[in-house]
Amino acid sequence: MNFSDLTSVFELMEKTSQRTSLTMHMAKLYANASREDVGILTYLCQGILVPQSHGIQLGIGDKLAQHALRVVSGNSTREIESLYRKNGDLGITAQMLLSKKTQSTLLSENLTVKKVCDNFYKIATSFGEGSQDTKINLLGELLSNASPIEAKHIIRFVQGSLRLGVGEPTLLDSLSIYHVAKLISKSDEITADGNKIKIAHVSINYELQEKEKSSSGSVLEFSCLGKLGEIAAKKNQTIILPSISQNISFPLLSISEVKSRYSLKIDILEAKRLFRELFDRAFNMRSDLAFVAENVVDGKLSEIEKISPAVFSPIRPALAERLLTPEQIFEKLGKCSVEGKYDGFRLQVHKKGNEVRIFSRKEEPMTHMFPEIVQAVKNDFSAKEAIFEGEAIAMDEKDSRFLPFQVTIQRKRKHGIFEKSSEIPLRLFAFELLFADGVDYTKLPYEKRREKLISLIEKNSRTIRMASRILAKSSNDIQSFFEKCLSEGLEGIIAKDLNSPYVAGARKFAWIKLKKSYGKSVDTFDVVVIGYYLGKGKRTQFDFGGMLTAIYDPKKGTFKSIAKVGTGFSEEEMQSFAKMLEKISTKDKPQNIESDMEPDVWVTPKIVIEVNADEITKSPTHIAGREATGEGLALRFPRMISIRTDKDPKDATTESEILELFELQSQK
Ligand code: AMP
C-alpha cells in the first residue's frame, strides 16, 4: 500500500471524532490492504511500530526533527523555528515547508507503508556513536520523498503525536465490522481450519452503518451459527436459508456463545458483538493487535479461538471492581478468598528455562529494573515455563512493615539500578498463575490457580512469597482481615471469586477491592493530565499553577475533564511538572480531549496521576458523566497523591467507573 493511501485516510480520521466513522474508515482500510501490510497498518494507526512489550520507541525530539526538515526543505533553523512557533505543530510546519518545496521539485519515489515503517524501525533502533546522523538521514530520506500531507504525518508519528483518536477498542470494532462485511459481501470460497467454506453472496458492502441504524426490518438474517452450521462446514454442504433464499454455508461455527440453536437469526450488530468478543479474548491473551488483525484478515477464526497464553507475550491484566463494605462483598461473592492489597508495582513474570522477563501492567519490559526478582524467579520458582503475576513492594529492614508506594517507585529508574536494589530491595507477592508448563491456567477457577502457584514457589524464598489471604466465610471474616491488612501498612484488600477464571483485560466482579476510606469518596482516582495552568502569585516562578485532569471514556477513546488539581505537590515537584508537561504541550486542544474548561496550556494525554478527593459532585463545568447525569461530574477538593508512571492513560479511571463510584458514594 502506498503511504499516501494511508495518509488520506488519516486526514479523514483527523476530521472526525465520531467513533463509528473512525471504525468504518479503519474497516475499509483493512479491506483494501494487502496481507503483508495488515500488521504494519495496525501498528501505525496506534502510533507504534511493534507491540509495547518490545520496548521500542521512536521519541524523536524537536531538534532532531527540525534538523531533518532543514536538510530537506533548505530553510534555515530560524525560519523553521519561527513557523513552528506560529502554528505550534511541527507536523503542520513540515507540511507548509514541503508545500513550498514541491512547487519546484518533482517527487522522486512513491513511499509505501512498508518503506516508511522500515525507516521508522531503523530510527528507533539506532543507538550509540553516529546514531543522531543516521536518524536524521533516515528521516530525511522519507521526507524528501514525501508529499506535504505525508510529511505532516511522518513528523507527527516520529514525535508520538499522531492525534487520530484510534484506540484499541476502535480497532477491535473495525476488525469485527470488517469481518462481518467480508462474510456477507463475498461469495468466494475461503478456508477455515481445513474446511472449505462457501459464503453466500449477499449484496451488501461496507455501508453497515446505515443498516445498523435502520429498523429491525432491514436487519439481515444471514446466519445460523451453531451445530447445524458446524456440520455443514465439515461436510462442505450448503444450507438454504429461507429468509434470503440463498445458498449459504457457515464459517466460524464454534463461537461458543451462539450455542447449538437452529435457524438462529442474528442481526449485524449481534454478529459484530460476537466477533468482537472473540477478538477481544485473543487480544487480551497476546496484547498484540497486529497479530489479531492478521488472523482476522486471513479468515483464520478457528485459530483465533484457540489462542492461549504464550510465554514472553504479556497478557492484559485483570482489573478489580469496587464495593463499599464487607457485607456487600460477601453478598456478591459468598464464600470467597480475600487477599491483601499491596501498593507497589504490578509485575507479570514470564519464565522459560533460565530466561526470565518481567512486564509492567502497561506491558512494558521491566526486566532490567528488578535484578533481585529475576534471580529469585530463577532460583525459587520451579516451573520450566510459566507466566504469573504479583505485586512488588518495598518493605522495611525487618520485613515487618510495607513501605508506601512513594518508596517503591524509586526503583523505577534507568541508572543506578544495582545500588538502589540493595538499598530498597523488593519483595514480590505472587497472586495469580496464568500459565505453567503447557497448561492455560487463565481458564481454570481461582482455587486451582492458587493451589498450583503455591506448589511452584520455594517455601523459604525471601523475595517471592504468596500474597496473604484468608478464606472468608462471613462478612465479619472480611472485616477483620481488612483491618489486619491496614494495620500492616497495606492499602486494603481484594476479594476474589473462588470459581471465576482469570478475566484478562477486564474489570469484573471476579475481583473486588476495598480500600481504606478517603472522606466520603470510595476510592482514589487515576486521572490523566490534559492541560496545566501557569502559576500566579507565589507560583509564578515555577510556570506551573496546577493541572486540568480527565477520566477516560474507552467507548469513544476520549478523555473527559473532571477536576482541576492544585494541591498535593511540593515546590520541587512543581518545577519538575512544569518541565515534564512543557515537553508534551500542544498549541491546540488535542482531538481526544473533551473539556469546556480551557487550561493555559493543553498537553497530549500521557501522564496519569493518582488523586484523592472528598467526594464526587455534580458540576456543569466538567464533561465527565454528563451524558448519563445531565450535568457533569467533578472531584471536590482533589489532592495529588503520586504520579503513576506505572499506569497508561487508558488505565485511568473510566467514565463508567466514575458513575459507579458516584452511585456508591450516595449509598455511603
Ligand atoms: P487499583 O489499581 O486500585 O484498581 O487496584 C488493582 C491493583 O491492585 C492491581 O492492578 C494490582 O496492581 C494491585 N494488587 C495488589 N494486591 C493484589 C492482589 N492480591 N491481587 C490482585 N491485585 C493486587
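Coordinates for the structure precede this section.
Residues numbered from 1 in each chain as written. Predicted model: local features only at pLDDT ≥ 70, side-chain atom pairs only at ≥ 80, totals over all residues. Heavy atoms only, no water.

1. Section: the overall build of the chain
For the chain, the helix and strand inventory stands at 24 helices and 25 strands. Expressed as a percentage of its 668 residues, the buried residues of the chain come to 56%. Long-range pairs, those at least 24 residues apart, make up 72% of the contacts in the chain with a sequence separation of at least 6. Of the roughly 28900 Å² of accessible surface on the chain, a fraction of 49% belongs to carbon and sulfur atoms. (Helix = DSSP H or I, 4+ residues; strand = E, 2+ residues; numbered from the N terminus. Buried < 20%, exposed > 50% of the residue type's maximum accessible area, 1.4 Å probe, protein only. Contact = heavy atoms within 4.5 Å. Areas by Shrake-Rupley, 256 points an atom, 1.4 Å probe, with all protein chains shown as cover.)

2. Regarding the site of the ligand
The immediate surroundings of the ligand are formed by 14 residues, with Glu339, Arg346, Glu391, Lys496 and Lys513 found nearest. Relative to its free-state accessible area of 490 Å², the ligand is covered by the protein chains to the extent of 94%. Contributing elements (two or more residues each) for the shell around the ligand: strand 6 (336-341), strand 14 (492-496) and strand 15 (507-515). When the residues that make up the shell around the ligand are grouped by side-chain class, the tally is 4 nonpolar, 1 polar and 9 charged. (Near = heavy atom within 4 Å. Nonpolar A, V, L, I, M, F, W, Y, C, P; charged D, E, K, R; others polar.)

3. Thoughts on the packing of helix 3 (residues 35-46) against helix 7 (residues 113-124)
Two numbers describe how helix 3 lies on helix 7: the axes approach to 10 Å, and their chain directions differ by 55°. In terms of orientation, helix 3 lies oblique with respect to helix 7. Regarding helix 3 and helix 7, the two cross each other, and that crossing is left-handed. Contact residues: Glu36, Asp37, Ile40, Leu41 and Leu44 in helix 3; Val113, Lys114, Cys117 and Phe120 in helix 7. Partitioned by chemical class, the residues of the contact of helix 3 with helix 7 number 6 nonpolar, no polar and 3 charged. (Axes fitted to C-alpha atoms, helices over the stretch in contact; angles between N-to-C directions. Parallel < 35°, antiparallel > 145°, perpendicular 65-115°, else oblique. Left-handed = near helix turned anticlockwise from the far one by under 90°.)

4. A look at the pattern of salt bridges
Counted according to the given criterion, the structure contains 42 salt bridges. Taking the shortest distance from any N to any O, the salt bridge between Glu488 and Lys484 comes out at 3.3 Å. A relative accessible area of 26% places Glu488 in the partly exposed class. The salt bridge partner of Asp614 is Arg639, with a shortest N-O separation of 3.2 Å. Here Arg639 lies in strand 25 (residues 639-643) and Asp614 lies in the loop between strand 22 (608-612) and strand 23 (615-619), a separation of 25 residues in the sequence. (Salt bridge = Lys/Arg side-chain N within 4 Å of Asp/Glu carboxyl O.)

5. Brief notes about helix 20 (residues 446-456)
Since the α-helix advances by 3.6 residues per turn, residues separated by three or four positions end up pointing in the same direction. Here helix 20 has its buried residues at Tyr446, Arg449, Arg450, Leu453 and Leu456. Down the axis of helix 20, the sector holding all buried residues measures 125°, keeping them to one side. (Arc of directions from axis to C-beta.)

6. Things to note about the sheet that holds strand 13 (residues 469-472)
Read across the open sheet, the 5 strands follow the order 5-15-14-6-13; overall the sheet is mixed. In this open sheet, the two edge strands, each paired with only one partner strand, are strand 5 (319-322) and strand 13. Between one strand axis and the next, the sheet turns through 35° on average, direction left out of account. Alignment of strand 6 against strand 13, held across 4 bridges, turns out to be antiparallel. Residue Ser337 lies in a different strand from strand 13, and its bridge partner there is Leu471. On top of the sheet, helix 16 (residues 326-333) reaches strand 6, strand 13, strand 14 and strand 15; it is set at about 160° to strand 15, its chief contact. Here helix 21 (residues 475-487) sits on the sheet and contacts strand 6, strand 13, strand 14 and strand 15; the angle it forms with strand 14, its principal contact strand, is near 140°. (Pairing = 2+ DSSP bridges.)

7. With respect to the pairing of strand 24 (residues 632-636)
For strand 24, the tally of buried residues reaches 4 of 5 residues, placing the bulk of the element in the interior. As paired strands, strand 23 and strand 24 are joined by 5 bridges and run antiparallel to one another. Residue pairing across strands places Lys618 opposite Leu633, the latter belonging to strand 24.

8. Considering the nonpolar core
The biggest cluster of nonpolar side chains holds 108 residues, and the ones touching the most others in it are Phe120 and Phe279. Setting aside anything within four residues of it in sequence, one finds Phe279 in contact with Leu172, Leu175, Ser176, His179, Val292, Val296, Leu301 and Ile304. (Core = buried A, V, L, I, M, F, W, Y, C linked by side-chain atoms within 4.5 Å.)

9. Considerations on helix 22 (residues 571-583)
The terminal C-alpha atoms of helix 22 lie 19 Å apart, and with 13 residues this matches the ideal 18 Å at 1.5 Å per residue to within 8%. Buried residues along helix 22 sit against strand 16 (525-532), strand 17 (547-553), strand 19 (585-586), strand 21 (601-603) and strand 25. (Expected span 1.5 Å × (residues − 1).)

10. Notes on the packing of helix 16 against helix 21
In a packed pair of helices, the relevant descriptors are the angle between the two axes and the axis-to-axis distance. Two elements in contact, helix 16 and helix 21, have axes separated by 8 Å at closest approach and are oriented at 130°. As far as their axial angle goes, helix 21 and helix 16 are oblique. Pair helix 16 / helix 21 crosses with right-handed handedness. Contacts from Pro326, Glu327, Ile329 and Phe330 in helix 16 reach Ser475, Ile478 and Gln479 in helix 21. Partitioning the contact of helix 16 with helix 21 into residue classes produces 4 nonpolar, 2 polar and 1 charged.

11. Digging into the environment of Gly566
With respect to the helices, strands and loops of the structure, Gly566 is situated in the loop between strand 18 (558-565) and helix 22. Between the C-alpha atoms of Gly566 and Met547, which are 19 residues apart in sequence, the distance is 6.5 Å.

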